[in-house]
Amino acid sequence: MSLNESICLELERLERTKTFKTETIIESEQGAVVRVAGKDVIMLGSNNYLGLASHPRIKEAAIRGIREYGYGVSSVRFLCGTLTVHRQLEEKIAGFLGTEDSILYSSCFAANEGFFASIVNEKLGLELYRDVIYSDRLNHASIIDGTRLCRVEVVHRKVYEHADVNDLRRMLEEDRRFSYRFGFIATDGVFSMEGDLAPLPALIEAAAASGHLLFVDDSHAVGVAGRTGRGTPEQLGVHGKVDVLSGTLGKAMGGAAGGYIAGPKDLLAFLRQKSRPYTFSNSLPPSIVVAAIEAFTMLEQDPSLVEQLHSNTKYFRKHIRQLGFRILEGDHPIVPIMLGEASMAMEMSNSLLDEGVYIKGLWYPVVPKGEARLRAQISAALDEAAMDRALSAFEKVGRRIGAI
Ligand SMILES: *Cc1c(COP(=O)(O)O)cnc(C)c1O
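Our subject in this report is the structure included herewith.

What counts and how
- Residues numbered from 1 in each chain as written.
- Predicted model: local features only at pLDDT ≥ 70, side-chain atom pairs only at ≥ 80, totals over all residues.
- Heavy atoms only, no water.
- Helix = DSSP H or I, 4+ residues; strand = E, 2+ residues; numbered from the N terminus.
- Buried < 20%, exposed > 50% of the residue type's maximum accessible area, 1.4 Å probe, protein only.
- Near = heavy atom within 4 Å.
- Polar contact = N/O pair within 3.5 Å; in protein donor to acceptor, adjacent residues only side chain to side chain.
- Nonpolar A, V, L, I, M, F, W, Y, C, P; charged D, E, K, R; others polar.
- Expected span 1.5 Å × (residues − 1).
- Contact = heavy atoms within 4.5 Å.
- 1 Å grid on protein atoms, 1.4 Å probe; cavity = no way out; pocket = protein on both sides within 12 Å on 5 of 7 lines; lining within 4 Å.
- Points joined across faces, edges and corners; volume = space filled by probe spheres on them.
- Phe/Tyr/Trp six-rings, centres within 6.5 Å; stacked < 30°, edge-to-face > 60°.
- Lys NZ or Arg CZ within 6 Å of the ring centre and 35° of its normal.
- Pairing = 2+ DSSP bridges.
- Core = buried A, V, L, I, M, F, W, Y, C linked by side-chain atoms within 4.5 Å.
- Domains from an automatic or database assignment.
- Salt bridge = Lys/Arg side-chain N within 4 Å of Asp/Glu carboxyl O.

Things to note about the environment of E153
For E153, the position within the fold is in the loop between α6 (141-148) and β5 (155-160). You can call E153 partly exposed: its relative accessible area is 48%.

See below:
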């Protein structure tokens, strides 16, 4: 069979099994309301948690970045791609998260890809060694790919059950016989399918007891979780106590692009030398860098956007429950609305779009069979009237298709 025949067969299989991902085209800027097929609809499906994607202060800052520093720098960081504002943003992120330093990447995907291999694949004076990485079963694809870039001869890759510290402790105990060189425990701070938080205090203890390094990808939490938006560690009372954090600038913090790793300064100095997506890929453009500085400054000065997000989340969770929908409990703006059958989730998301609400469904194999759901994501940009309109649409469609 030719390449083209093979890929067409696979595309047909995706269509048949209803796992083909379609892209809905948006004709306006990202915001509380967006235009789809000429019609305004309420956005409940973006990571624009703080509404910064189209916030006037962020747009102005991006334009200022272009005016002062141009469109791009045409270089990686160590040739001629480091501007004053790159270092300013790195210091800003470190200050916000309570770490010694941070290092920018073109995305969080690149940051996670660049982390593990840069350490694990280095002999660092040793001929023979073995490292170990323990990873939560539901970790983001970029962490999984990051660990896959480590040479198989020198790393044990292990997966513990989702958010299950007892399972992790059992593995750590069992593995003491290997006397590893370095060990890593890697987890998302917030998991995107359920909106649940990693058990950071217990993970911090397990990491300290085993001498391993705790790596937390807080992409869905910075600007979101914790009283002032400093993320999962703040919410769980362990701000400043996680060894290494990674995160994205592409969700709450402006929504454009960019990622970072934050942690101890020696480790980050080492990454600047060894981490391939940092060393061999272009530095972030000034528009994004200056806008991201503005986003962190806004949160430092005034947590009211974060407070608005938290109160909107409470409001939506309370009312969607009152309508009779089953949701996964929690306090994150990711609100999974459980529907069971994939067909119901599909029909519901299509009908909601007709009724003026943009929301996507998740079903097998993204989530387990029988746990199909709609995933609402709340934003500080929504006002109560918009949430009420969305809730009435949920009620109307839910009744009609028998979900409530
Ligand atoms: C979104 C996300 C990423 C990817 O971030 P980008 O900056 O878009 O590459 C990585 N990790 C987690 C946990 C995410 O949610």
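Quick word on the site of the ligand
Lining the immediate environment of the ligand, one finds S107, C108, F109, H140, S142, D188, D217, S219, H220, T248, K251 and G258. With respect to the ligand, the side chain of H140 contributes an N or O atom lying 3.4 Å from a nitrogen atom. Contact between the ligand and H220: an oxygen atom at 3.3 Å from a side-chain N or O atom of the residue. Looking at the shell around the ligand residue by residue, the class counts come to two nonpolar, seven polar and three charged.

Here we look at helix α14 (residues 342-354)
With 13 residues, α14 should reach 18 Å at 1.5 Å per residue; the first-to-last C-alpha distance of 19 Å fits that figure. The complete set of buried residues in α14 reads A345, M346, M348, S349, S351 and L352. Buried residues along α14 sit in contact with β11 (334-340), β12 (357-358), β13 (360-362), β14 (372-377) and α15 (384-401). Positive backbone phi, at 95°, marks G356, one or two positions downstream of α14.

Some words on helix α1 (residues 3-16)
Its 14 residues place the ends of α1 20 Å apart at the C-alpha level, agreeing with the 20 Å of an ideal helix rising 1.5 Å per residue. Once α1 ends, the next one or two residues include K18, with phi positive near 55°.

Notes on empty space enclosed by the protein
The final tally for this structure, using the stated rule, is three cavities of 30 Å³ or more. The calculated volume of the largest cavity comes to roughly 70 Å³. The wall of the largest cavity is formed by R77, L104, Y105, S106, P277, Y278, S281, N282, S283 and L284. Residue assignment for the lining of the largest cavity shows that the elements contributing at least two residues are β3 (101-105) and α11 (276-279).

Notes on the packing of aromatic side chains
The final tally for this structure, using the stated rule, is 10 aromatic pairs. Geometrically, the ring pair formed by F96 and F296 is edge-to-face, given 5.3 Å between the ring centres and 75° between the ring planes. Taken together, the residues F96 in helix α4 (residues 84-97) and F296 in helix α12 (residues 286-301) connect sequence positions 200 residues apart. Seen in terms of ring centroids, Y105 and Y278 are 5.9 Å apart; in terms of plane orientation they differ by 65°. Their pairing is edge-to-face. Taken together, the residues Y105 in strand β3 and Y278 in helix α11 connect sequence positions 173 residues apart. Three or more aromatic residues joined by ring pairs make a cluster, and in this case those are F115, F116, F184 and F215. Residue placement shows R181 over the ring face of Y129; its charged tip is 3.7 Å from the ring centre.

Some details on the layout of surface pockets
As a volume, the largest pocket reaches approximately 1,500 Å³. What lines the largest pocket is a set of 41 residues, among which K21, K360, G361, L362 and V366 lie closest to the centre. Those elements that place two or more of their residues in the lining of the largest pocket are α1, α14, β12, β13 and β14. With four residues, the single largest contributor to the lining of the largest pocket is α14. Residues that form the lining of the largest pocket fall into these classes: 17 nonpolar, 14 polar and 10 charged.

As for the sheet that holds β13
Two orientations exist for strands paired in a sheet by backbone hydrogen bonds: parallel and antiparallel. Pairing within the open sheet is antiparallel, and its four strands lie in the order β10-β11-β14-β13. Each edge of the open sheet is held by one strand with a lone partner, namely β10 (326-327) and β13. Pairing analysis gives two bridges linking β10 to β11, with the strands arranged antiparallel. Across the sheet, I327 pairs through a bridge with I337, a residue of β11.

Structural notes on the nonpolar core
One finds L89, Y134, L203, L249 and M253 to be the most contacted residues of the largest nonpolar core, which totals 57 residues. Of the residues forming this core, the biggest block, 10 residues, is contributed by α12. No fewer than three residues from each of domain 1 (18-49 + 303-401) and domain 2 (56-301) sit in this core. For L89, the contacting residues outside a window of four places in its chain are S102, L104, L249, V289, A292, I293 and F296.

Some points on the pattern of salt bridges
Taken as a whole, this structure holds 27 salt bridges when the rule is applied. Between R373 and E194 there is a salt bridge, with the nearest N and O atoms lying 2.9 Å from each other. Of this pair, R373 sits in strand β14 while E194 sits in the loop between β6 (183-188) and α8 (200-210), placing them 179 residues apart in sequence. On the basis of relative accessibility, which here comes to 0%, the residue R373 falls in the buried class. Residue E194 is classed as partly exposed on the basis of its relative accessible area, which comes to 23%. In the salt-bridge network here, residues are joined through shared partners; they are R77, R87, E90, E91, D101 and R272.

Focus on unusual backbone geometry
Cis geometry is found at the peptide bond from Y364 to P365, where omega equals 10°. Its identity is not glycine, yet A37 carries a phi of approximately 50°, on the positive side. Relative to the helices and strands, A37 is located in the loop between β1 (33-36) and β2 (39-43). Judged by its relative accessible area of 67%, A37 falls in the exposed class. Look at S179: it is not a glycine, yet its phi comes out positive at around 35°. Considering the arrangement of structural elements, one finds S179 in the loop between α7 (165-174) and β6.

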